[in-house]
Amino acid sequence: MFCYQCEQTAGGKGCTKQGVCGKTHTVAGLQDLLIYQCKGLALYANELIQKGQDAPTDVVVFIEDALFTTLTNVNFDEASHIALLEQSQVLKEALRKKTGATLTSEYATFNFNKDTTEGDAERAGIMFDQTMDADVRSVRETIVYGLKGIAAYGHQARAIDYNDVAVDNFYVTCLADIAKDTLSLDTLVPLMLETGNKAVAVMAVLDTANNEHFATPMPHAVNTRKLKGPFIVVSGHDLYDLEMLLEQTAGKGINVYTHGEMLPSHGYEKLRAFPHLVGNFGTAWQNQQKEFDNLPGCILMTTNCLMTPQDSYKDRIYTTSVVSHKGLQHVPRQADGRKDFTVIIEKALSLGGFPEDEPRKEITVGFGHKAVLSHAEAIVGAVKAGQIKRFFLIGGCDGARPGRNYYSEFAKAVPQDCIILTLACGKYRFNDLEFGTVAGLPRLLDVGQCNDAFSAVKIALALADAFDCTVNDLPLSMIISWYEQKAVAVLLALLHLNVQNVYLGPTLPAFVSPNVLQLLVDNFKLKHIATAQEDLEHILAAK
């Protein structure tokens, strides 16, 4: 086993016995093998693309789901990985017949056999080829992790029938390129930036999907305290799962709470129209084992951010989609794309829920690009008048590693004449604090989930247009925290857009080699965070 795809990898170098996330040596190997098979599928499907066809939908959907399955904190279940690998072999054999191609790459010629899984998984491991150049390996893995992030967003959009054919084909062409062991850095670095381009594209698709299906998010105050009665907590990122659950729980006396990155759901008109969507429970994903302990209700995990469940709530936490863990009950997607949450509803009713109401406390969400840009004229006027001096985007993935208090310290220290944009679960470090207003606008604007980095980009591009300058000329600083592969996709998106001077932390990715890091520093002025005070002073002095 060797895995270094997340920020908390062991020793800042790589997990070799068991993942810090909780995945076993066996699951890690199966995930390596699944990516290996995806490269083989891509080589065959790319033959069709070279003939002017689009990649077959069933292959695209499989690759997307497989990539998402291997993202950190998604799937810990051996059996589901074996099932995916068996499905991959069926698809591969069908592609061989369809293309008629005779390919010699080991990715293409490999055939999955569950009886030889252990040895095959070793062969598929990241470090198996000890002769590979370290910088080539670094960029190749960065691209794969960017693809995993893209797949997570693509999966979420596809659930409500939105997709981008160019992104779908890119899964195939990109993996097919990576499967060529002769690639050099001169070829891989542009491919890495093109991965960022496709990350922008998929976030745009998901933004359109959410805005059209659930109605444009607008500012909305969300209760963060408990209410009496049976309840279900929905975690992850998938708004469509939440919508289906709200429809099925309507009129049943069950309160529904969001958790983690589901908090921005309250900004969408179609979702908040359900009166039993009563608030947000808990904070960021890494606190779930404590917050879910002996919880008298049910939890539904819709996407990543699942931690190994504790015995005190193992019988009341459910998974769906690509999320899975041995011993947990799974709610499958039916042929029509719908899901039946009856088992969760019945369990929630039997548990009774919270015994009494708590005093209400609120936080405000819903500052997507349309909401913020509706005040564009006032914002531009306030900047020109000197009332607003700077914008800080402070957000990204949260995590348990020491040093993440940097982000709360930074937010607290931001001057009163500045506005803070935030997104993803990193906001839980400070979104319960009072920041007041500036120039009649809230100083803290919650843009949404991690995929809503697209909203932040649209806001920045609109302001740059208003000031007739580039994004890099704006009084805007990006202070980003990362944890998993969706954050990699977001970072690559920013690099593709040539956004300079991004502050990244709390630690730098273990998969980025020293030479590749220097390339990013030289070309994009990427910065590793120091202390909140040092970085803030440096930013303000440079304005």
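Please refer to the structure higher up on the page.
This is a predicted model, so every value here is computed, not measured. (Residues numbered from 1 in each chain as written. Predicted model: local features only at pLDDT ≥ 70, side-chain atom pairs only at ≥ 80, totals over all residues. Heavy atoms only, no water.)

A.B. asks: What's the story with helix H14 (residues 376-384) in this structure? I'm lost.
C.D. replies: Structural remark: α-helix, 3.6 residues per turn; residues separated by three or four positions point the same way. All buried positions along H14 are accounted for by Ile 379, Val 380, Ala 382 and Val 383. Buried positions in H14, seen along its axis, are confined to an arc of 165° and lie on one side of it. In this structure, H14 carries Glu 377 and Lys 384 as exposed residues pointing more than 90 degrees from its buried face. Elements that come into contact with the buried residues of H14 comprise helix H13 (369-373), strand E9 (390-396), strand E12 (441-442) and helix H16 (453-466). Positive backbone phi, approximately 85°, marks Gly 386, located one or two places after H14. (Buried < 20%, exposed > 50% of the residue type's maximum accessible area, 1.4 Å probe, protein only. Helix = DSSP H or I, 4+ residues; strand = E, 2+ residues; numbered from the N terminus. Arc of directions from axis to C-beta. Contact = heavy atoms within 4.5 Å.)

A.B. asks: What should I look at first to understand helix H17 (residues 485-496) in this one?
C.D. replies: With 12 residues, H17 should reach 16 Å at 1.5 Å per residue; the first-to-last C-alpha distance of 16 Å fits that figure. All of the buried residues along H17 are Gln 485, Lys 486, Ala 487, Val 488, Ala 489, Val 490, Leu 491, Leu 492, Ala 493, Leu 494 and Leu 495. Contact partners of the buried residues in H17: helix H6 (134-158), helix H8 (185-214), H16, strand E14 (476-481), strand E15 (503-505) and helix H18 (514-524). The backbone nitrogen of Lys 486 lies 2.5 Å from a side-chain oxygen of the residue at the head of H17, namely Glu 484. Backbone geometry just downstream of H17 places Asn 498 in the positive-phi region, at approximately 60°. (Expected span 1.5 Å × (residues − 1). Polar contact = N/O pair within 3.5 Å; in protein donor to acceptor, adjacent residues only side chain to side chain.)

A.B. asks: Where do I start with the nonpolar core in this structure?
C.D. replies: Soluble, globular proteins show a tendency: their nonpolar side chains are buried together. Membership of the largest hydrophobic core comes to 126 residues, with the highest contact counts inside it found for Ile 63 and Tyr 171. Residues in contact with Ile 63, not counting those within four places in the same chain, are Cys 38, Leu 41, Tyr 171, Val 172 and Leu 175. In terms of nonpolar packing, the next biggest core, distinct from the first, is built from 27 residues, Ile 160, Leu 245, Val 256 and Phe 274 among them. (Core = buried A, V, L, I, M, F, W, Y, C linked by side-chain atoms within 4.5 Å.)

A.B. asks: Help me understand the pairing of strand E3 (residues 255-258) in this model?
C.D. replies: Put simply, side chains in a regular strand alternate between the two faces of the sheet. Alternating residues of E3 divide into Asn 255 and Tyr 257 and Val 256 and Thr 258, and every residue in both groups is buried. Pairing between E3 and strand E4 (residues 277-280): 3 bridges, direction parallel. Across the sheet, residue Tyr 257 finds its bridge partner in E4, namely Gly 279. (Pairing = 2+ DSSP bridges.)

A.B. asks: Can you walk me through unusual backbone geometry in this structure?
C.D. replies: Residues other than glycine predominantly adopt negative phi, and peptide bonds predominantly adopt the trans conformation. Across the junction of Gly 505 and Pro 506, the peptide omega takes the value 5°, indicating a cis bond. Structurally, the position occupied by Pro 506 is in the loop between E15 and H18. Although it is not a glycine, Asn 501 sits at a positive phi angle of roughly 60°. Note that Asn 501 resides in the loop between H17 and E15.

A.B. asks: Would you mind showing me how to read the sheet that holds strand E2 (residues 231-235) here?
C.D. replies: Two modes of strand pairing occur in sheets, parallel and antiparallel, and in both the strands are linked by backbone hydrogen bonds. Read across the open sheet, the 6 strands follow the order E4-E3-E2-E5-E6-E7; overall the sheet is parallel. Strands with a single pairing partner mark the edges of an open sheet, and in this sheet they are E4 and strand E7 (329-331). Each adjacent strand pair in this sheet contributes to an overall mean axis angle of 30°, direction not counted. The sheet contact formed by E2 and strand E5 (residues 298-301) spans 4 bridges and is parallel. Residue pairing for E5: Val 234 is matched across the bridge by Leu 300. Along the sheet, helix H12 (residues 342-351) contacts E2, E5, strand E6 (317-320) and E7; its crossing angle with E5, the most-contacted strand, is approximately 155°. (Axes fitted to C-alpha atoms, helices over the stretch in contact; angles between N-to-C directions.)

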